[in-house]
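Coordinate analysis (summary)
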Amino acid sequence: NFLPFHSLHDGQQYAAEKWTIAYVPSASVLKLCVDKRKKAGSRVLALGNPNLSDPKYKLVHAEEEVKAIARLFPEAKVLVGNEASEKALQLLGPDFDVLHFACHGTVNLDDPELSCLRLAPDGDNDGYLHVRELFDMHFGAGLVTMSACESGLGRVTSGSEVLGLTRAMMYAGTPSVVASLWKVDDKATAELMVEFYKNLKTMNKAQALKEAQVKMIKDGKTPFQWAAFCLYGDYM
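Residues numbered from 1 in each chain as written. Predicted model: local features only at pLDDT ≥ 70, side-chain atom pairs only at ≥ 80, totals over all residues. Heavy atoms only, no water.

1. Re the side chain of glutamate 65
Condition: Only DSSP runs of H or I reaching four residues or more are called helices, and only runs of E reaching two or more are called strands; each is numbered from the N terminus. Accessibility here uses a 1.4 Å probe with only protein chains present; expressed as a share of the type maximum, an area under 20% marks a residue as buried, one over 50% as exposed, and anything in between as partly exposed. In this tally, Lys and Arg are treated as positive and Asp and Glu as negative; His is ignored, and so are the chain termini. One speaks of a salt bridge when a side-chain nitrogen belonging to Lys or Arg is within 4 Å of a carboxyl oxygen belonging to Asp or Glu. We call two residues in contact when some of their heavy atoms are within 4.5 Å.
Structurally, glutamate 65 can be placed in helix H3 (residues 60–72). One buried charged residue, glutamate 65, forms no salt bridge at all, with the nearest opposite charge on arginine 71 at 11 Å. Among residues more than four places away in sequence, those in contact with glutamate 65 are His100, Ala102, Ser147, Thr189, Ala190, Met193 and Val194.

Take a look at the structure:
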């Protein structure tokens with residue numbers, strides 16, 4: 001569950017250079033995701049660099065990332081700082097084709113329902129968007145991208161599925177989720193994501209991520225910088 005197969009190398013090239021790879025927790029979940037198939041679309045809600053009231057949590061490149069994505073999609077709405085809040089997601093999230101989170105993520109392997117994305121607190125919410133809260137939400141988006149550290153991690157259940165943010169986003173109605181498997185580099189992630197969204201304008205989701213990663217390989221980037229992100233669920 002935690003090995004990005006596209007990072008494997010046969011001595012000549014990475015698997016990402018040979019194949020387009022997507023991941024699913026099980027065949028039954030794949031069927032559910034395919035049944036809910038929806039193209040990424042052009043209405044993007046991007047939340048980046050939320051204000052967490054501590055300078056050490058500032059993500060300068062995450063803010064640049066969401067603004068660069070917005071330039072690619074005229075219908076995009078960008079929320080940064082105090083605006084990138086839980087309340088904004090609750091109010092606006094159901095109306096967008098793509099939800100993009102460029103923020104910090106926290107994984108709790110002992111109690112995966114406490115894993116969360118860190119958004120800006122508001123009058124009604126503490127800013128910790130927990131897995132258990134996502135199970136009570138519904139999104140109409142065809143794609144959720146969690147450009148956050150370790151957003152693809154979770155606890156492996158008895159059925160070999162991973163309970164965490166990715167599964168919660170699928171449960172909330174999203175057929176395709178992009179998430180990471182380790183603590184990612186802010187600058188390299190921004191570069192990968194902008195390329196991914198450029199590709200989404202003409203490619204399916206799996207191809208768009210693959211080509212973004214291949215470009216970084218050609219640019220001399222290491223797997224640490226590009227291989228953390230996986231596409232889960234429907235690949236189209």
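The rest of the description comes next.
2. Brief notes about the pairing of strand E3 (residues 98–102)
Selection rule: Note on pairing: two strands pair once DSSP finds at least 2 bridges between them.
With 5 of 5 residues buried, E3 lies mostly within the body of the structure. Burial of the side chains of E3 extends over both faces: Val98, His100 and Ala102 are buried on one face and Leu99 and Phe101 on the other. Across 5 bridges, strand E1 (residues 44–50) lies against E3 in parallel orientation. What sits directly across from alanine 46, in E3, is histidine 100. Sheet analysis places E3 next to strand E7 (residues 143–147), joined by 5 bridges and oriented parallel.

3. A short note on the sheet that holds strand E4 (residues 104–106)
Cut-off, in case you're wondering: Comment: axis = line fitted to C-alpha atoms, over the contacting stretch for helices; angle = value between 0 and 180 degrees taken between N-to-C directions.
Strand order across the open sheet formed by 3 strands is E4-E5-E6, with antiparallel pairing between neighbours. Of all strands in the sheet, those with a lone pairing partner are E4 and strand E6 (128–130), marking the two edges. Between one strand and the next, the sheet's axes are offset by a mean angle of 25°, whatever the strand orientation. Judged from the 3 bridges that link them, strand E5 (residues 116–118) and E6 form a sheet pairing that is antiparallel. Its bridge partner lying in E6, cysteine 116 is registered against histidine 130.

4. Regarding the side chain of serine 180
Using the following cut-off: Pairs of N or O atoms within 3.5 Å make up the polar contacts considered here, provided that, within protein, one atom can donate a hydrogen while the other can accept it, and that residues adjacent in sequence are counted only when both atoms are side-chain atoms.
Tracing the sequence through the fold places serine 180 in strand E10 (residues 176–180). Residue class for serine 180 comes out buried when judged on its relative accessible area of 0%. A polar contact is formed between the side chain of serine 180 and the backbone oxygen of alanine 148, at a distance of 2.4 Å. Setting aside anything within four residues of it in sequence, one finds serine 180 in contact with Met146, Ala148, Cys149, Glu150, Ser151, Gly152, Leu153, Ala228 and Phe229.

5. A closer look at the environment of valine 66
Mapped onto the fold, valine 66 is located in helix H3. A sequence separation of 114 residues divides valine 66 from serine 180, and the C-alpha atoms of the two residues are 17 Å apart. Apart from the residues within four sequence positions on either side, valine 66 is in contact with Ala46, Leu47, Gly48, Val78, Val80, His100 and Ala102.

6. Looking at the packing of helix H7 (residues 186–200) against helix H8 (residues 205–218)
The axes of two packed helices give the description: the angle between them and the distance between them. Quick note on the threshold: Roughly parallel covers angles under 35 degrees, roughly antiparallel covers those over 145, roughly perpendicular covers 65 to 115, and oblique covers all other angles. Here is the rule for handedness: rotate from the far helix to the near one, and if that takes an anticlockwise turn smaller than a right angle the crossing is left-handed, while a clockwise turn gives right-handed. Under the grouping applied here, Gly and all other residues not named as nonpolar or charged are polar, the nonpolar ones being Ala, Val, Leu, Ile, Met, Phe, Trp, Tyr, Cys and Pro and the charged ones Asp, Glu, Lys and Arg.
At a minimum axis distance of 8 Å, the contact between H7 and H8 shows a crossing angle of 135°. The orientation of H7 relative to H8 falls into the category oblique. Note that H7 runs across H8; the crossing there is right-handed. Across the interface between the two elements, Ala188, Glu191, Leu192, Glu195, Phe196, Asn199 and Leu200 from H7 touch Lys205, Ala208, Leu209, Glu211, Ala212, Gln213, Lys215 and Met216 from H8. Looking at the contact of H7 with H8, its residues break down into 8 nonpolar, 2 polar and 5 charged.

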